[in-house]
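# Topology and contacts: notes
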There are 2 protein chains.
Amino acid sequence: MSSNRPRLLRVALVQEINHGDAATNLAVIEQRVAEAAAAGAQLVLLQELHNGPYFCQHESVDEFDRAEAIPGPSSERLSELAKQHGVVIVGSLFERRAPGLYHNTAVVLERDGRLLARYRKMHIPDDPGFYEKFYFTPGDIGFQPVDTSVGRLGVLVCWDQWYPEGARLMALAGAELLLYPTAIGWDRNDSEDEQQRQRQAWIISQRGHAVANGLPVLSCNRTGFEQAPGSEEGIDFWGSSFVAGPQGEMLAEASVDKPQLLVVDVDMARSEAVRRIWPFLRDRRIDAYDDLLKRYRD
Amino acid sequence: MSSNRPRLLRVALVQEINHGDAATNLAVIEQRVAEAAAAGAQLVLLQELHNGPYFCQHESVDEFDRAEAIPGPSSERLSELAKQHGVVIVGSLFERRAPGLYHNTAVVLERDGRLLARYRKMHIPDDPGFYEKFYFTPGDIGFQPVDTSVGRLGVLVCWDQWYPEGARLMALAGAELLLYPTAIGWDRNDSEDEQQRQRQAWIISQRGHAVANGLPVLSCNRTGFEQAPGSEEGIDFWGSSFVAGPQGEMLAEASVDKPQLLVVDVDMARSEAVRRIWPFLRDRRIDAYDDLLKRYRD
């Protein structure tokens, strides 16, 4: 390992339950960001669709009322919060781009309050309990990291976390950190074994992106049970928000079932040291990767 | 999880130290394959360059004397062994393709003894102690799985294990298993913390490929210390050969520092069940992956 001088970045992840409507959730977020800033955090990552319940448990046209323009009231409130505390904030909003055209969109607010960029979730899931294809048009602005005062951030969202392609494209564009606002949990009908395999798979997948790209990864997940509208069923969000270093090493991990503000120092200088001993980017066989652009090689 | 009926495949991984020359190492392999077959294994995976020491610790033209044609004496011996025990064998040889043209090549022997296919290592490392670019021409036959009596095998080699691209291309071509003969270990000058981060990163990376592709992964590594020629230094191969299921779950793991025959049942029907709940292949954004074919997005 080379002797690069550490360059510490203090990051905070706000793992929360759903507290109700947007006003209430944003009030809680304001409190948590204040705590994070008081603890010295320079970058705060929020969970996916933090303004309300995970409404994708059912398909209802009324849920589109939750969507907002960006910039709009919520992005502006996050912007003020970023400026007030002098921290970079990565939030996650339901974007109303046009009537009938909506996205699952992450926003990056600079510490001076500027809305620097948005990322529109590229990979959209659709499984029982996660009916996202009904709500979210797949992103059309690609995998573009954003330059901020704390580094070049590769912001992705939830289902993207299963795709090595998204992580790689961010790394190839110079991202220094990967960040995932996310909302994932258990179906209570699954066995305990299956539940633990799922949670571990989710962690492994993202730590794998850290390893493959020599980059730290931040992942902020919901916690708590949310009942599906008109059903006895629901999702047990499994928390477990975490920060991994550029060898995939776990730097900090939040609880499974409790709200938690996770504050941790990430050494931004370690990535280059790690990439010098494991220079994966040097040896990619770009002459032989054409079929990655196919749906299937049949 | 769907109720697919299990379809068990018993696999064996031969984790060994270097016993000296090719004759001696192949004699040990013959013993281990006999044991594996007696234990009911249908597929046997050997470690990287199992015929001798990991000679890439230095650069010497004399080491090319170890290379052989394929088919050649060693592939024929593995072929006889496969036929004798009625098992599929995946071996790893130093291939002499032409004078001055050599590859790090995996071979797949059918249970009737036929040499079905070879895979020439695509990603070639070069780091202190692992001077592979001197010896091995990068593979030119791409990422092609091979159909065998035990399924379609996605055979890759060592340094490939750090590349999500190789695993994905094998999965997209219908591979049902990913297999990695490998030779990786520690530099004794590294701290214990660094050593454990490296070993864990190696495991996480490959379990990550299992998750991303909904496929079991078999990885067979060397164990034991091998001194570099003309040096006090050497590599402590870290063993830890393992088999993971299609959610990245660890099914079996060998010791760090001892030879071990790892025999385990893999349920080949689970992949489709897992892919039904996590249909990652459905949602790949192949319209947005063009830049994966670039060295860097600058």
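Description of the structure in this document. Numbering of residues starts from 1 in each chain and follows the order in which that chain's sequence is written. A letter from A marks each chain and a number from 1 marks each ligand, given out in the order of writing. Whole-chain, interface and lining totals are the exception, using all residues; otherwise, since this is a predicted model, local features are given only for residues with pLDDT of at least 70 and side-chain atom pairs are given and counted only at 80 or more. Water and hydrogen atoms were dropped before computing side-chain values, which therefore reflect all heavy atoms in the structure.

### A word on the pairing of strand E8 (residues 177-182) of chain A
All names here are of chain A. E8 sits mainly inside the fold: six of its six residues count as buried. Think of it in three bands: with a 1.4 Å probe and only protein chains considered, a residue is buried below 20% of the maximum accessible area for its type, exposed above 50%, and partly exposed in between. Numbering of helices and strands runs from the N terminus, with a helix taken as a DSSP run of H or I at least four residues long and a strand as a DSSP run of E at least two residues long. Side chains of E8 alternate between two faces, with Leu 177, Leu 179 and Pro 181 and Leu 178, Tyr 180 and Thr 182 buried alike. Two strands qualify as a pair provided DSSP detects at least 2 bridges between them. Of the pairings in the sheet, the one linking strand E7 (residues 151-155) to E8 comprises three bridges and is parallel in character. Opposite Val 155, over in E8, you have Leu 179 as the bridge partner. A crossover counts as right-handed when, viewed with the strands pointing away from the observer, the path leading from the first strand over the helix to the second turns clockwise. The handedness of the E7 to E8 crossover, carried by helix H4 (residues 164-172), is right-handed. In this structure, E8 lies alongside strand E10 (residues 217-221), joined through five bridges in parallel fashion. Across the sheet, residue Thr 182 finds its bridge partner in E10, namely Asn 221.

### What about the packing of helix H1 (residues 22-38) of chain B against helix H2 (residues 73-85) of chain B?
Residue and element names in this part refer to chain B. Fitted lines through C-alpha atoms give the axes, limited to the stretch in contact for helices. The angle between two N-to-C directions lies from 0 to 180 degrees. Relative to each other, H1 and H2 sit at 20°, their axes nearing to 10 Å. The angle between the axes of H1 and H2 places the two elements in the roughly parallel class. Of the two elements, H1 crosses H2, and the hand of that crossing is right-handed. The segment H1 lies against H2, with Ala 23, Leu 26, Ala 27, Ile 29, Glu 30, Val 33, Ala 34 and Ala 37 engaging Ser 74, Arg 77, Leu 78, Leu 81 and His 85. Charged residues are taken to be Asp, Glu, Lys and Arg, nonpolar residues to be Ala, Val, Leu, Ile, Met, Phe, Trp, Tyr, Cys and Pro, and polar residues to be all remaining types, Gly included. Counted by class, the contact of H1 with H2 contains nine nonpolar, two polar and two charged residues. Roughly parallel covers angles under 35 degrees, roughly antiparallel covers those over 145, roughly perpendicular covers 65 to 115, and oblique covers all other angles. Take the far helix as your reference; a near helix turned counterclockwise from it by less than a right angle gives a left-handed crossing, and one turned clockwise gives a right-handed crossing. Here a residue-residue contact requires only that any non-hydrogen atoms of the pair lie within 4.5 Å.

### Looking at the interface of chain A and chain B
Each side of the interface is counted separately: chain A has 59 residues, and chain B has 59 residues. A quick way to say it: buried area is the sum, across both parts, of accessible area lost when two parts are put together, with a 1.4 Å probe. Taken over both partners, the interface formed by chain A and chain B buries close to 5,700 Å², and the fraction arising from carbon and sulfur atoms is 58%. Just to be clear on terms, a salt bridge is a Lys or Arg side-chain nitrogen sitting within 4 Å of an Asp or Glu carboxyl oxygen. Linking chain A with chain B are six salt bridges. Put simply, the parts of the chain that give the side of chain A that touches chain B at least two residues each are H4, helix H5 (192-213) and helix H6 (270-277) of chain A. Looking at the side of chain A that touches chain B element by element, the count peaks at ten residues for H5(A). Residue composition of the side of chain A that touches chain B, by class: 30 nonpolar, nine polar and 20 charged.

### Section: unusual backbone geometry
Residue A:Pro71 is reached from A:Ile70 by a cis peptide bond, and omega for that bond is 0°. Along the chain, A:Pro71 turns up in the loop between strand E2 (43-46) and helix H2 (73-85). One non-glycine residue, A:Leu49, lies in the positive phi region at around 50°. As for its placement among the helices and strands, A:Leu49 is situated in the loop between E2 and H2. Despite not being glycine, B:Ser240 has its phi angle at roughly 60°, a positive value. Note on placement: B:Ser240 falls in the loop between strand E12 (234-238) and strand E13 (242-244).

### Things to note about the packing of aromatic side chains
All names here are of chain B. Stacked, edge-to-face and tilted labels apply to pairs of Phe, Tyr and Trp rings (six-membered ring for Trp) whose centres lie within 6.5 Å, assigned for plane angles under 30 degrees, over 60, and everything in between, in that order. Under the definition given, this model contains 50 aromatic pairs over all chains. Relative to Tyr 135, the ring of Phe 94 lies with its centre 6.4 Å away and its plane at 90°, an arrangement referred to as edge-to-face. Taken together, the positions of Phe 94 in strand E3 (residues 88-98) and Tyr 135 in helix H3 (residues 132-135) put the pair 41 residues apart, joining distant regions of the chain. Residue Tyr 135 is classed as buried on the basis of its relative accessible area of 2%.

### Here's the deal with the environment of B:His209
Residues and elements named next belong to chain B. One can find His 209 in helix H5 (residues 192-213). Residues His 209 and Trp 162, spaced 47 residues apart in sequence, show a C-alpha to C-alpha distance of 9.1 Å. Look past the residues within four positions of His 209 in its chain and what remains in contact with it is Gln 161, Trp 162, Tyr 163, Pro 164, Ala 167, Leu 178 and Tyr 180.

### Section: the sheet that holds E7(A)
All names here are of chain A. Strands sit in the order E6-E7-E8-E10-E13-E14 across an open sheet of six strands; the sheet is mixed. The open sheet terminates on both sides in strands that have one partner only, identified here as strand E6 (146-148) and strand E14 (250-253). The average undirected angle you get between the axes of adjacent strands in this sheet is 20°.

### Some details on the nonpolar core
Soluble, globular proteins show a tendency: their nonpolar side chains are buried together. Put simply, a nonpolar core is a bunch of buried Ala, Val, Leu, Ile, Met, Phe, Trp, Tyr and Cys residues held in one set by side-chain atoms that sit within 4.5 Å of each other. Ranked by size, the top nonpolar core spans 116 residues in total, and within it A:Leu43, A:Leu153, A:Trp162, B:Leu43, B:Leu153 and B:Trp162 carry the most contacts. Beyond its immediate sequence surroundings of up to four residues, B:Trp162 is in contact with A:Val211, A:Ala212, A:Trp278, A:Phe280, B:Ile184, B:Gln198, B:Ala201, B:Trp202, B:Ser205 and B:His209.

### A few points about H5(A)
Residues and elements named next belong to chain A. A rise of 1.5 Å per residue sets the reference length of H5, with its 22 residues, at 32 Å; its end C-alpha atoms lie 32 Å apart and thus fit the reference within 8%. By the criterion of burial, H5 is predominantly enclosed, with 17 of the 22 residues buried. Directly after H5, the chain includes Gly 214, whose backbone phi takes a positive value near 60°. Helix span, as expected, comes to 1.5 Å for every residue beyond the first.

### Structural notes on the relation of the copies chain A and chain B
For the least-squares superposition of copies, only C-alpha atoms count, and only for residues with pLDDT at least 70 in both. Between chain A and chain B, the superposition needs a rotation of 180° and an axial shift of 0.0 Å, giving an RMSD of 0.0 Å. A rotation of that kind, with that shift, is consistent with a two-fold axis. Across chain A, the rotation axis passes nearest the C-alpha of A:Gly208, at a separation of 2.6 Å. Most of the interface of chain A is mirrored in chain B, where 100% of its interface residues again form contacts.

### A few points about H1(B)
Given 3.6 residues per turn, any residue in an α-helix points the same way as the ones three and four places further on. Residues and elements named next belong to chain B. Under the 1.5 Å per step criterion, the end-to-end length of H1 is 24 Å for 17 residues, consistent within 8% with the ideal 24 Å. All of the buried residues along H1 are Asn 25, Leu 26, Val 28, Ile 29, Val 33 and Ala 36. Angular distribution of buried residues about the axis of H1 spans 155°; they occupy a single face of the element. At its buried positions, H1 is contacted by strand E1 (8-15), strand E2 (43-46), H2, E3 and strand E15 (260-267). Of the residues flanking the end of H1, it is Gly 40, one or two places downstream, whose phi is positive at about 95°. It is the directions from the helix axis to the C-beta atoms whose arc is reported.

Any functional reading would require information that these geometric values do not contain.
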